[in-house]
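Below are the chains, spelled out letter by letter.
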Amino acid sequence: GNGKTADDVHSLLNQVFDTAVKHGKLKLNPLSLFIHKPHERESGVELTLEEELKLLNAYKGTDYEIIFAVMLYTGIRPNELKTAKIAGEFILAVNSKRKNGKVEYKKIPIISYLRTCLKEIETIPCRYEERIRDAFNKVLPSHTLKDLRKTFNTRCVAHKVDYVARKLFMGHSLGKLDNTYTGNLDEYLLSEGKKLESWYSLYPKNTPKNCK
(Lines give C-alpha, C1' and ligand atoms only; values in the text may rest on other atoms or scores of the structure.)
Protein backbone atom coordinates (compact mmCIF):
# COMPACT_ATOMS: atom_id res chain seq x y z
CA GLY A 1 0.00 0.00 0.00
CA ASN A 2 0.94 3.65 0.10
CA GLY A 3 2.84 5.35 2.92
CA LYS A 4 -0.25 6.14 4.99
CA THR A 5 -1.37 2.51 4.73
CA ALA A 6 2.07 1.33 5.85
CA ASP A 7 1.94 3.65 8.89
CA ASP A 8 -1.56 2.47 9.81
CA VAL A 9 -0.74 -1.23 9.39
CA HIS A 10 2.42 -0.80 11.48
CA SER A 11 0.43 0.89 14.25
CA LEU A 12 -2.28 -1.80 14.19
CA LEU A 13 0.22 -4.66 14.29
CA ASN A 14 2.16 -2.95 17.06
CA GLN A 15 -1.03 -2.69 19.14
CA VAL A 16 -1.90 -6.36 18.49
CA PHE A 17 1.57 -7.59 19.46
CA ASP A 18 1.73 -5.35 22.55
CA THR A 19 -1.60 -6.80 23.69
CA ALA A 20 -0.31 -10.35 23.08
CA VAL A 21 2.74 -9.61 25.23
CA LYS A 22 0.56 -8.21 28.04
CA HIS A 23 -1.58 -11.37 27.97
CA GLY A 24 1.45 -13.65 28.03
CA LYS A 25 0.97 -14.98 24.52
CA LEU A 26 4.30 -13.58 23.36
CA LYS A 27 7.49 -12.75 25.24
CA LEU A 28 8.53 -9.96 22.89
CA ASN A 29 6.85 -7.66 20.39
CA PRO A 30 8.53 -8.65 17.09
CA LEU A 31 8.09 -5.11 15.72
CA SER A 32 10.50 -3.86 18.38
CA LEU A 33 13.28 -5.45 16.32
CA PHE A 34 12.54 -3.21 13.34
CA ILE A 35 12.94 0.52 12.75
CA HIS A 36 9.84 2.01 11.15
CA LYS A 37 10.31 5.43 9.57
CA PRO A 38 7.00 7.32 9.34
CA HIS A 39 6.05 8.16 5.77
CA GLU A 40 6.47 11.80 4.74
CA ARG A 41 3.22 12.62 3.02
CA GLU A 42 2.97 14.98 0.11
CA SER A 43 0.25 16.97 1.84
CA GLY A 44 2.83 18.69 4.00
CA VAL A 45 6.14 18.44 5.82
CA GLU A 46 6.42 18.06 9.58
CA LEU A 47 8.50 20.57 11.52
CA THR A 48 11.91 19.56 12.78
CA LEU A 49 12.55 19.78 16.50
CA GLU A 50 14.67 22.88 15.83
CA GLU A 51 11.80 24.51 13.93
CA GLU A 52 9.32 23.73 16.71
CA LEU A 53 11.62 25.40 19.22
CA LYS A 54 12.18 28.38 16.91
CA LEU A 55 8.42 28.96 16.56
CA LEU A 56 7.68 28.73 20.28
CA ASN A 57 10.62 30.95 21.23
CA ALA A 58 9.69 33.58 18.63
CA TYR A 59 6.44 34.31 20.46
CA LYS A 60 7.52 33.53 24.01
CA GLY A 61 5.32 35.13 26.62
CA THR A 62 2.55 36.03 24.16
CA ASP A 63 -0.85 34.59 23.30
CA TYR A 64 0.60 33.31 20.04
CA GLU A 65 2.97 31.04 21.93
CA ILE A 66 -0.04 29.46 23.65
CA ILE A 67 -1.94 29.21 20.35
CA PHE A 68 0.94 27.51 18.55
CA ALA A 69 1.66 25.24 21.53
CA VAL A 70 -1.96 24.10 21.61
CA MET A 71 -2.01 23.43 17.87
CA LEU A 72 1.37 21.69 17.92
CA TYR A 73 0.75 19.45 20.93
CA THR A 74 -2.88 18.53 20.16
CA GLY A 75 -3.02 18.45 16.36
CA ILE A 76 -6.25 20.45 16.19
CA ARG A 77 -7.05 22.16 12.91
CA PRO A 78 -6.79 25.97 12.67
CA ASN A 79 -10.56 26.32 12.32
CA GLU A 80 -11.08 24.20 15.45
CA LEU A 81 -9.08 26.52 17.69
CA LYS A 82 -12.08 28.75 18.35
CA THR A 83 -13.92 25.78 19.91
CA ALA A 84 -10.97 24.49 21.93
CA LYS A 85 -11.33 24.54 25.70
CA ILE A 86 -9.56 23.19 28.76
CA ALA A 87 -11.40 20.32 30.42
CA GLY A 88 -9.39 18.85 33.29
CA GLU A 89 -6.58 16.77 31.83
CA PHE A 90 -7.75 17.24 28.27
CA ILE A 91 -8.18 19.79 25.51
CA LEU A 92 -11.62 19.48 23.93
CA ALA A 93 -12.35 20.81 20.44
CA VAL A 94 -15.22 20.33 18.02
CA ASN A 95 -14.24 17.98 15.19
CA SER A 96 -14.81 20.14 12.12
CA LYS A 97 -14.79 17.16 9.75
CA ARG A 98 -18.00 15.57 11.02
CA LYS A 99 -20.88 15.78 8.56
CA ASN A 100 -24.69 15.84 8.79
CA GLY A 101 -24.56 18.55 11.44
CA LYS A 102 -23.36 16.14 14.11
CA VAL A 103 -21.32 17.83 16.84
CA GLU A 104 -18.46 15.67 18.04
CA TYR A 105 -15.70 16.72 20.41
CA LYS A 106 -12.13 15.52 20.10
CA LYS A 107 -10.35 14.89 23.40
CA ILE A 108 -6.56 15.20 23.52
CA PRO A 109 -4.50 14.79 26.72
CA ILE A 110 -2.54 17.83 27.90
CA ILE A 111 1.16 16.94 28.10
CA SER A 112 3.40 18.56 30.71
CA TYR A 113 4.80 21.48 28.69
CA LEU A 114 1.37 22.44 27.39
CA ARG A 115 0.01 22.25 30.93
CA THR A 116 2.67 24.77 31.96
CA CYS A 117 1.50 27.09 29.20
CA LEU A 118 -2.11 26.84 30.31
CA LYS A 119 -1.69 26.98 34.09
CA GLU A 120 -2.57 30.66 34.50
CA ILE A 121 -5.42 30.88 32.00
CA GLU A 122 -9.00 29.64 31.91
CA THR A 123 -9.72 30.27 28.23
CA ILE A 124 -7.48 29.39 25.31
CA PRO A 125 -6.69 32.60 23.37
CA CYS A 126 -7.78 32.77 19.74
CA ARG A 127 -7.17 35.02 16.75
CA TYR A 128 -8.53 35.14 13.23
CA GLU A 129 -7.09 32.27 11.23
CA GLU A 130 -5.48 34.72 8.79
CA ARG A 131 -3.58 36.41 11.61
CA ILE A 132 -2.43 33.08 13.02
CA ARG A 133 -1.22 32.06 9.58
CA ASP A 134 0.62 35.36 9.11
CA ALA A 135 2.36 35.02 12.48
CA PHE A 136 3.35 31.46 11.64
CA ASN A 137 4.69 32.37 8.18
CA LYS A 138 6.86 35.16 9.59
CA VAL A 139 8.86 32.55 11.51
CA LEU A 140 8.58 29.49 9.23
CA PRO A 141 7.91 30.73 5.68
CA SER A 142 8.83 27.37 4.14
CA HIS A 143 5.97 25.64 5.99
CA THR A 144 2.20 25.96 6.06
CA LEU A 145 0.04 26.19 9.16
CA LYS A 146 -1.37 22.69 8.62
CA ASP A 147 2.17 21.33 9.07
CA LEU A 148 1.63 21.74 12.84
CA ARG A 149 -1.09 19.10 12.61
CA LYS A 150 1.10 16.86 10.50
CA THR A 151 3.89 17.25 13.05
CA PHE A 152 1.61 16.11 15.88
CA ASN A 153 0.53 13.03 13.93
CA THR A 154 4.14 12.22 13.04
CA ARG A 155 5.24 12.53 16.67
CA CYS A 156 2.39 10.21 17.72
CA VAL A 157 3.62 7.58 15.26
CA ALA A 158 7.25 8.04 16.32
CA HIS A 159 6.33 7.68 20.01
CA LYS A 160 4.23 4.57 19.28
CA VAL A 161 0.86 5.99 20.25
CA ASP A 162 -1.73 3.29 19.52
CA TYR A 163 -3.54 3.48 16.19
CA VAL A 164 -6.99 3.91 17.78
CA ALA A 165 -5.82 6.66 20.17
CA ARG A 166 -4.01 8.49 17.38
CA LYS A 167 -7.12 8.42 15.21
CA LEU A 168 -9.22 9.74 18.09
CA PHE A 169 -6.71 12.53 18.79
CA MET A 170 -6.68 13.53 15.12
CA GLY A 171 -10.46 13.35 14.77
CA HIS A 172 -10.33 10.69 12.05
CA SER A 173 -13.09 8.16 11.55
CA LEU A 174 -12.43 4.74 13.04
CA GLY A 175 -14.86 3.01 10.70
CA LYS A 176 -15.37 -0.60 11.74
CA LEU A 177 -12.90 -0.11 14.59
CA ASP A 178 -15.39 2.19 16.32
CA ASN A 179 -16.46 -0.46 18.81
CA THR A 180 -13.17 -2.31 19.28
CA TYR A 181 -12.13 -0.49 22.45
CA THR A 182 -14.01 -1.10 25.66
CA GLY A 183 -13.35 0.10 29.18
CA ASN A 184 -12.42 3.52 30.53
CA LEU A 185 -11.78 5.60 27.41
CA ASP A 186 -10.35 8.59 29.32
CA GLU A 187 -7.89 6.34 31.12
CA TYR A 188 -6.84 4.81 27.80
CA LEU A 189 -6.35 8.21 26.13
CA LEU A 190 -4.34 9.54 29.07
CA SER A 191 -2.16 6.43 29.05
CA GLU A 192 -1.43 6.86 25.35
CA GLY A 193 -0.89 10.61 25.78
CA LYS A 194 1.87 9.93 28.31
CA LYS A 195 3.92 8.43 25.49
CA LEU A 196 4.34 11.98 24.17
CA GLU A 197 5.85 13.30 27.40
CA SER A 198 9.42 12.86 26.15
CA TRP A 199 8.70 14.85 22.96
CA TYR A 200 9.64 18.33 24.16
CA SER A 201 12.64 17.04 26.13
CA LEU A 202 14.26 16.15 22.80
CA TYR A 203 14.64 19.76 21.67
CA PRO A 204 18.25 20.75 20.97
CA LYS A 205 20.17 22.83 23.52
CA ASN A 206 17.16 23.78 25.64
CA THR A 207 13.48 23.09 26.08
CA PRO A 208 10.79 25.79 25.83
CA LYS A 209 10.36 27.87 28.96
CA ASN A 210 7.10 28.78 30.64
CA CYS A 211 4.64 30.53 28.36
CA LYS A 212 3.73 33.27 30.78
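Refer to the structure printed above.
Note that this is a predicted model, so its numbers are computed, not measured.

Visitor: Could you give an account of the sheet that holds strand β1 (residues 85-87), with specific residues and numbers?
Guide: Sheet architecture is open: three strands sit in the order β1-β2-β3, paired in antiparallel fashion. The sheet terminates laterally at β1 and β3 (105-109), the two strands that pair on one side only. Neighbour-to-neighbour, the strand axes of this sheet turn through a mean angle of 35 degrees, independent of strand direction. Pairing geometry for β1 and strand β2 (residues 90-94), over three bridges, is antiparallel. Looking across to β2, one finds that Ala87 is bridged to Phe90. Where helix α8 (residues 185-193) meets the sheet, it contacts β2 and β3, and its direction lies at approximately 50 degrees from that of β3.

Visitor: So, the environment of Asn57: which residues are in play, and what are the values?
Guide: Its place among the elements puts Asn57 in helix α2 (residues 49-58). Here Asn57 falls in the partly exposed class, since its relative accessible area comes to 30%. Here the side chain of Asn57 touches Lys60 through a polar contact of 3.2 Å, side chain to side chain.

Visitor: Give me the lowdown on the packing of aromatic side chains, citing residues and values where you can.
Guide: Taken as a whole, this structure holds eight aromatic pairs when the rule is applied. Residues Tyr59 and Tyr64 carry aromatic rings whose centres are separated by 5.6 Å and whose planes lie at 50 degrees to one another, so their mutual orientation is tilted. Comparing Tyr59 with Tyr64, the two get one shared label, buried. These aromatic residues form a ring-pair network of at least three members: Tyr73, Tyr113, Phe152, Phe169 and Trp199. Over the ring of Phe90 we find Lys107; its NZ or CZ atom is 5.2 Å from the centre of that ring. Above the face of the Tyr64 ring, Arg127 is positioned so that its terminal group lies 5.7 Å from the ring centre.

Visitor: Tell me about α2, and please be specific about residues and values.
Guide: Of the residues making up α2, those classed as buried are Glu51, Glu52, Leu53, Leu55 and Leu56. Looking at the buried side of α2, the elements it contacts are α3 (63-74), α4 (112-118), α5 (129-139) and α6 (147-158).

Visitor: Residues and numbers for α3, please.
Guide: Between its first and last C-alpha, α3 extends 16 Å over twelve residues, near the 16 Å set by a 1.5 Å rise per residue. Most of α3 sits out of view: eleven of its twelve residues are buried. Buried within α3 we find Tyr64, Glu65, Ile66, Ile67, Phe68, Ala69, Val70, Met71, Leu72, Tyr73 and Thr74. Looking one or two residues beyond α3, the residue adopting positive phi is Gly75, at roughly 75 degrees.

What counts, and where the lines are drawn
Residues numbered from 1 in each chain as written. Predicted model: local features only at pLDDT ≥ 70, side-chain atom pairs only at ≥ 80, totals over all residues. Heavy atoms only, no water. Pairing = 2+ DSSP bridges. Helix = DSSP H or I, 4+ residues; strand = E, 2+ residues; numbered from the N terminus. Axes fitted to C-alpha atoms, helices over the stretch in contact; angles between N-to-C directions. Contact = heavy atoms within 4.5 Å. Buried < 20%, exposed > 50% of the residue type's maximum accessible area, 1.4 Å probe, protein only. Polar contact = N/O pair within 3.5 Å; in protein donor to acceptor, adjacent residues only side chain to side chain. Phe/Tyr/Trp six-rings, centres within 6.5 Å; stacked < 30°, edge-to-face > 60°. Lys NZ or Arg CZ within 6 Å of the ring centre and 35° of its normal. Expected span 1.5 Å × (residues − 1).

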